[in-house]
Number of protein chains: 2
Amino acid sequence: MAINPIELSKAYRLLNHGPTVLVTTAHGEQRNIMAAAWNMPLDFDPPKVAIVIDKNTYTRELVLASGSFAINVPCRAQAEMVVKVGSSSGRELLGKDADNKFEAFNLSTFAASKISAPLLEGCVAWLECKLIPEPHIQNTYDLYLAEVVAAWADDRVFSDGRWHFEGHDELRTLHHVAGGNFFTPGESLQVK
Amino acid sequence: MAINPIELSKAYRLLNHGPTVLVTTAHGEQRNIMAAAWNMPLDFDPPKVAIVIDKNTYTRELVLASGSFAINVPCRAQAEMVVKVGSSSGRELLGKDADNKFEAFNLSTFAASKISAPLLEGCVAWLECKLIPEPHIQNTYDLYLAEVVAAWADDRVFSDGRWHFEGHDELRTLHHVAGGNFFTPGESLQVK
């Protein structure tokens, strides 16, 4: 496998089919990861995204402090981890032995190219995002907008601007409904 | 089959797994329909949604004039129609024999309960939405927020707060990647 850079004008295709994602953040020594089903592309080029980040989250603090975050697109092999990450708070781990969710859940990361947030190993796509400050909608709706400044994908399942999961069931993206119930993408159809 | 009302606190589950949707609008005698892959839930209760509606669309005029729109969740049986609707403008039909996309594409509708926009037959879920005016993000990002005031689903594939597509492949939701390439939901998995 290789992790390939994705042309920015095609980065929206990593989110267009509606996967649940993981948001990673870092500021100084602090870092965190949370799950977010509520995300969508917002523009093609330069690519922008919109994502909901709850008021009470530690992630929100780190997004505001660092002005950036990464969107990691997890896969079927990671479903249990996604649920665990989604139902725990990084704030509660502060000062404990495993003082962040990466340590508590044994998550490996690698460095992003343009932002401080770490990228999570084992995911199938990654979008490096710089916050577009819009305090009114952040405070009123927990809604955050960002520009995608770099994007990456696992070439086993995404190349030439399209997803191709055939033969890689464990790498299919996760689409959360509620309460730990997910779909993975099934049939691919092409309308002429 | 029956079209059942969905408890408002669970309406987000109709969009949570990331389907591509059709936006219907009406104002006076004018009405229109457009495709929108860029949509997401924004809050649970009262339920809110966020959706991208391009500046140049006729839909945008009708949303702003009426203060409301409907989100229709189409299914596999409608894939060709979704692509047609997504690649034509209702504005160009004005004054012609078939002066709107419903007539041009032979689309049947039924009345919504709380808004003027028609609901499209053959879809599997419907959300009636009232615009939350936020001119700055509407004008800057083509981003529209709305409160969901009523929601409906086809009980063959959605009931008790969950999707169940088994035995109804033609009713599976559509998840657009790009250029007429869609996924439908495949495996359903439950993480405990």
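Keep in mind that what you see is a predicted model, and the values were worked out from it rather than measured.

Colleague: Is there a simple way to think about the interface of chain B and chain A in this case?
Modeller: How big an interface is tends to be stated in terms of accessible area lost as the parts join. Each side of the interface is counted separately: chain B has 48 residues, and chain A has 48 residues. Three residues stand out in chain B for area buried against chain A, namely B:W38, B:Y141 and B:F183, and they jointly supply 18% of the buried area on that side. Linking chain B with chain A are two salt bridges, by the criterion used here. Among the secondary structure elements, those contributing two or more residues to the side of chain B that touches chain A are β4 (39-44), β5 (47-52), α2 (79-86), α4 (135-141), β10 (143-154), β13 (175-178) and β14 (181-190) of chain B. The greatest single-element share of the side of chain B that touches chain A, amounting to ten residues, is contributed by β14(B). Its residues assigned to classes, the side of chain B that touches chain A comprises 27 nonpolar, 14 polar and seven charged. Bridging between strand β14 (residues 181-190) of chain A and β14(B) involves seven bridges; their strand directions are antiparallel. Bridging from a neighbouring strand, A:F182 pairs with B:L189 of β14(B).

Colleague: Just to check I follow, could you spell out helix α2 (residues 79-86) of chain A for this structure?
Modeller: Three- or four-residue spacings in an α-helix give side chains the same orientation, since the helix completes a turn every 3.6 residues. Residues of α2(A) that are buried include every one of A:A79, A:M81, A:V82 and A:V85, and no others. One face of α2(A) carries all of its buried residues, which in axial projection span an arc of 160 degrees.

Colleague: Can you walk me through the sheet that holds strand β13 (residues 175-178) of chain A in this structure?
Modeller: For sheets, the rule is that strands pair by backbone hydrogen bonds, running either parallel or antiparallel. Strand order in this open sheet of four strands is β13(A)-β14(A)-β14(B)-β13(B), and the pairing throughout is antiparallel. Where the open sheet ends on each side, the last strands, each with one partner, are β13 of chain A together with β13 of chain B. Taking the axes of each pair of neighbouring strands and ignoring which way they run, one obtains an average angle of 40 degrees across the sheet. With three bridges joining them, β13(B) and β14(B) adopt antiparallel strand pairing. Residue pairing for β14(B): B:H175 is matched across the bridge by B:F183.

Colleague: Just to check I follow, could you spell out the packing of aromatic side chains for this structure?
Modeller: Tallying each qualifying case throughout the model produces 14 aromatic pairs over all chains. Ring plane angle 45 degrees and centroid distance 5.5 Å describe the contact between A:F165 and B:F183, whose orientation is recorded as tilted. On the criterion of chain membership, the pair formed by A:F165 in the loop between β12 (162-163) and β13 and B:F183 in strand β14 is interchain, its members lying in two chains. For the residue pair A:F165 and B:F183, the accessibility class agrees, reading buried in each case. Aromatic rings pair up to connect A:F158, A:W163, A:F165 and B:F183 into one cluster.

Colleague: Would you mind showing me how to read the side chain of B:T184 here?
Modeller: Within the element layout of this structure, B:T184 appears in strand β14. Contacts of B:T184, omitting those with residues within four sequence positions, involve A:T184, A:P185, A:G186, A:E187, A:L189, B:R76, B:R172, B:T173 and B:L174.

Colleague: Whenever I open this one, the relation of the copies chain B and chain A confuses me. Can you help?
Modeller: Both copies of the chain are placed relative to one another by a rotation about an axis and a shift along it. Relative to chain A, chain B is turned by 180 degrees and slid 0.0 Å along the rotation axis, the superposed coordinates differing by an RMSD of 0.0 Å. Overall, the copies show the geometry of a two-fold rotation axis. By residue overlap, the copies meet face to face through one surface: 100% of the interface positions of chain B are interface positions in chain A.

Colleague: I tried to follow the pairing of strand β6 (residues 68-73) of chain B on my own but got confused; where do I start?
Modeller: The side chains of a regular strand alternate between both faces of the sheet. All names here are of chain B. Most of β6 is tucked away: six of the six residues are buried. Because side chains alternate across β6, one face comprises the buried residues S68, A70 and N72, and the other comprises F69, I71 and V73, equally buried. With three bridges connecting them, strand β2 (residues 21-27) and β6 associate as antiparallel partners. In the strand pairing of β6, L22 is matched with N72. Relative to strand β9 (residues 125-132), β6 runs antiparallel, the two sharing six bridges. Across the sheet, the residue bridging to V73 is A125, located in β9.

Colleague: Mind showing me how you'd approach the environment of B:N100 here?
Modeller: Residues and elements named next belong to chain B. As for its position among the elements, N100 is in the loop between α2 and α3 (101-104). Given the relative accessible area of 7%, N100 is considered buried. When the C-alpha atoms of N100 and E128 are compared, they prove to be 21 Å apart, with 28 residues separating the residues in sequence. Ignoring sequence-local partners within four residues, the contact set of N100 consists of R31 and L93. Reaching out from N100, the side chain makes a polar contact with the backbone nitrogen of F102 at a distance of 2.9 Å. Of the polar contacts made by the side chain of N100, one reaches the backbone nitrogen of E103; its length is 2.9 Å.

Colleague: Mind showing me how you'd approach the pattern of salt bridges here?
Modeller: Oppositely charged side chains can form a pair if their charged atoms are brought close together. All names here are of chain A. Taken as a whole and judged by the stated rule, the model has 17 salt bridges over all chains. As a salt-bridge pair, R60 and D142 come within 2.9 Å of each other at their nearest N and O atoms. In this pair, R60 is assigned in helix α1 (residues 58-66) and D142 in the loop between α4 (135-141) and β10 (143-154), connecting sequence segments 82 residues apart. According to the relative accessible area criterion, R60 is buried, its value standing at 8%.

Cut-off values and rules
- Residues numbered from 1 in each chain as written.
- Chains lettered and ligands numbered in written order.
- Predicted model: local features only at pLDDT ≥ 70, side-chain atom pairs only at ≥ 80, totals over all residues.
- Heavy atoms only, no water.
- Contact = heavy atoms within 4.5 Å.
- Buried area = accessible area lost by both parts, 1.4 Å probe.
- Salt bridge = Lys/Arg side-chain N within 4 Å of Asp/Glu carboxyl O.
- Helix = DSSP H or I, 4+ residues; strand = E, 2+ residues; numbered from the N terminus.
- Nonpolar A, V, L, I, M, F, W, Y, C, P; charged D, E, K, R; others polar.
- Pairing = 2+ DSSP bridges.
- Buried < 20%, exposed > 50% of the residue type's maximum accessible area, 1.4 Å probe, protein only.
- Arc of directions from axis to C-beta.
- Axes fitted to C-alpha atoms, helices over the stretch in contact; angles between N-to-C directions.
- Phe/Tyr/Trp six-rings, centres within 6.5 Å; stacked < 30°, edge-to-face > 60°.
- Least-squares fit on C-alpha atoms with pLDDT ≥ 70 in both.
- Polar contact = N/O pair within 3.5 Å; in protein donor to acceptor, adjacent residues only side chain to side chain.

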